[in-house]
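What follows is each chain in one-letter form.
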Amino acid sequence: MAGKFQIKVTTSAESRVHSVDFQNIPFGKVISDHMFIVDYDGENWVDPRIEPFQKLEISPANLALHYGQSIFEGLKATKIKGEPVLFRADMHARRLNVSAERMCMPQLPEELFLAGLKMLVELDKDWIPEEEDFALYIRPMMFATDEYFGVHASEKYRFLIFTGPVGPYYPKPVNLWVEEVFTRAAQGGVGEAKCAGNYGASLLPAVRAKKNGYDQVMWMDAVEKKYVQEVGTMNLFFVMDGKVITPATTGTILRGVTRDSFITLLKSWGYTVEDRLISIAEIADAYWRGTLQECFGAGTAAVVSHVSDITWRDRKLELPPVDETHRPVGTRLKKYINRLRLGLEHDEFHWLQYCNNSGVMEAIQLEMETA
Ligand code: COI
């Protein structure tokens, strides 16, 4: 398959991997040796290639910089017996195209996404950390490359993937502020797309919350400021009275791949999972009745991030301590996903994909040259 796309590979003269302190890798700051690039010329995806990671030359008139045609994905690779494996890469390829459609960008063939991704991860496999809670984070992105700035849908685009080793996104449980002034997304908007603007718009409320001592904001719906949405970096799950509840994806929140995986796992373990609207009043009510047992965020970067407390106006809802006794659901999910990615659990739902399973390395050998 990789051959079908004739991916040209130019390797870096020397790997930087030996200069990395794998015990100390702040999220997003360490980037691996190579990146995959393919360009859209207005009609076709052309010139797929792997190159040493390097800066891009961008015109100040670049359309993405002005009007935000920029989308991305986030997924992870780990190693099983020394072989790189990807977690639900096909689902990420599909979701990228859902975001692309909403942002009026071209569809990228899923096979091209997967072929480029597998080659890249295989090539940089020495960058994949092997301890539990660590992984190679993969950042696919697509952005407009037209260089004239009248407001329009760009004709040309670039798709790019780069990677970097990461540890836990939130090293400790997070405390959340229920945000009722700013909103993340409204019906008919772009809340479901993984587009750059959603993250840009979240920064001011997040910084304000941080100044007041909160790690993140819990977004409410845009109309009634009543229904819980997501945290921005992750979807939310609540455990109440033994049932697991996650806010419904009604068009304003991201359809998380981790969210989907957790729903599937929990159902297979016999839990009742309710995928529905849930109001902050219902959560507070459960808290006062003593039936709010757990709250955690779920995301690729965050995996499971336990919530220590939620502040809603002047009320602070304090969740139980984080251990297997008090948080059986969140801790079991986290342990299972981490173990699955290391090959220590049976891959019942076929979520793992090996990188070197389709002649990928042969294609690399054929076309390899060094920068
Ligand atoms: C992810 O979980 O991969 C995300 O994209 C959220 C954030 C790190 C931007």
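Just so it is clear, the structure is predicted and the values come from calculations on it, not from any experiment. (Residues numbered from 1 in each chain as written. Predicted model: local features only at pLDDT ≥ 70, side-chain atom pairs only at ≥ 80, totals over all residues. Heavy atoms only, no water.)

> Could you give an account of the site of the ligand, with specific residues and numbers?
In the region of the ligand, the neighbouring residues are F72, G74, Y137, R139, Y169, K194, Y199, T233, T300 and A301. The side chain of K194 places a nitrogen or oxygen atom 2.7 Å from an oxygen atom of the ligand. A distance of 3.4 Å separates an oxygen atom of the ligand from a polar atom in the backbone of T300. The protein chains hide 91% of the 280 Å² of surface that the ligand would expose on its own. Each residue belonging to the shell around the ligand can be placed in one class, and the counts come to 5 nonpolar, 3 polar and 2 charged. Here the shell around the ligand gathers at least three residues from each of two domains, domain 1 (8-170 + 348-370) and domain 2 (174-321). (Near = heavy atom within 4 Å. Polar contact = N/O pair within 3.5 Å; in protein donor to acceptor, adjacent residues only side chain to side chain. Areas by Shrake-Rupley, 256 points an atom, 1.4 Å probe, with all protein chains shown as cover. Nonpolar A, V, L, I, M, F, W, Y, C, P; charged D, E, K, R; others polar. Domains from an automatic or database assignment.)

> Any chance you could break down the packing of aromatic side chains for me, citing the residues and the numbers?
Taken as a whole and assessed by the stated rule, the structure comprises 16 aromatic pairs. With a centroid separation of 5.6 Å and 35 degrees between ring planes, the pair formed by F113 and F159 is classed as tilted. With F113 in helix 4 (residues 110-123) and F159 in strand 8 (residues 157-166), this pair connects stretches of sequence that are 46 residues apart. The exposure class assigned to F113 is buried, which follows from its relative accessible area of 1%. (Phe/Tyr/Trp six-rings, centres within 6.5 Å; stacked < 30°, edge-to-face > 60°. Helix = DSSP H or I, 4+ residues; strand = E, 2+ residues; numbered from the N terminus. Buried < 20%, exposed > 50% of the residue type's maximum accessible area, 1.4 Å probe, protein only.)

> Before we move on, can you summarise the domain arrangement of the chain with the specific residues and values?
Each assigned domain of the chain is listed here: domain 1 (8-170 + 348-370) and domain 2 (174-321). Here the C-alpha centre of domain 2 lies 28 Å away from the C-alpha centre of domain 1. On the side of domain 2, 26 residues touch domain 1, which itself brings 21 residues to the contact. Across the domain 1 to domain 2 interface the summed buried area is about 2000 Å²; carbon plus sulfur atoms make up 66%. Ranking the residues of domain 1 by area buried against domain 2 places F72, R95 and Y170 at the top, with a combined share of 32%. Seen at the junction of domain 1 and domain 2, the total is 1 salt bridge. Between D260 and R88 there is a salt bridge, with its nearest N and O atoms 2.8 Å apart. (Contact = heavy atoms within 4.5 Å. Buried area = accessible area lost by both parts, 1.4 Å probe. Salt bridge = Lys/Arg side-chain N within 4 Å of Asp/Glu carboxyl O.)

> Let's hear about the pattern of salt bridges: which residues, and what values?
Throughout the structure, instances matching the rule amount to 20 salt bridges. Residues D275 and R259 are paired through a salt bridge, measuring 2.8 Å at the closest nitrogen-oxygen approach. Linking D275 in strand 13 (residues 273-276) with R259 in helix 6 (residues 257-268), this pair joins segments that are 16 residues apart in sequence. Between R276 and E274 there is a salt bridge, and its shortest N-O distance comes to 2.7 Å. For R276, a relative accessible area of 24% puts it in the partly exposed group.

> With reference to specific residues and values, describe the nonpolar core.
With 48 residues, the main nonpolar core has F36, W45, L108, L117, V121, M142 and F159 as its most contacted residues. Taken together, the elements giving at least two residues each to this core come down to strand 2 (34-40), strand 3 (45-52), helix 2 (63-67), strand 5 (75-80), helix 3 (89-102), helix 4, strand 7 (135-144) and strand 8. Beyond its immediate stretch of four places on either side in the chain, L117 contacts L75, L86, A89, I138 and I161. If you look at the next biggest cluster of nonpolar residues, it comprises 26 residues, including L236, I245, C295 and V307. (Core = buried A, V, L, I, M, F, W, Y, C linked by side-chain atoms within 4.5 Å.)

> Just give me the short version of helix 5 (residues 196-211), but keep the residues and values in it.
Its 16 residues give helix 5 an end-to-end C-alpha distance of 23 Å, which sits within 8% of 22 Å, the value for a rise of 1.5 Å per residue. At L203, helix 5 is deflected by roughly 35 degrees, the largest bend along its length, and proline P205 occurs up to four residues later in sequence. Of the residues making up helix 5, those classed as buried are N198, Y199, S202, P205, A206 and A209. In the core, the buried residues of helix 5 are packed alongside strand 4 (70-72), strand 9 (174-179) and strand 10 (216-219). G213 occupies a position one or two residues after helix 5 and carries a positive phi of about 95 degrees. (Expected span 1.5 Å × (residues − 1). Bend = angle between axes of the 7 residues up to and from the residue.)

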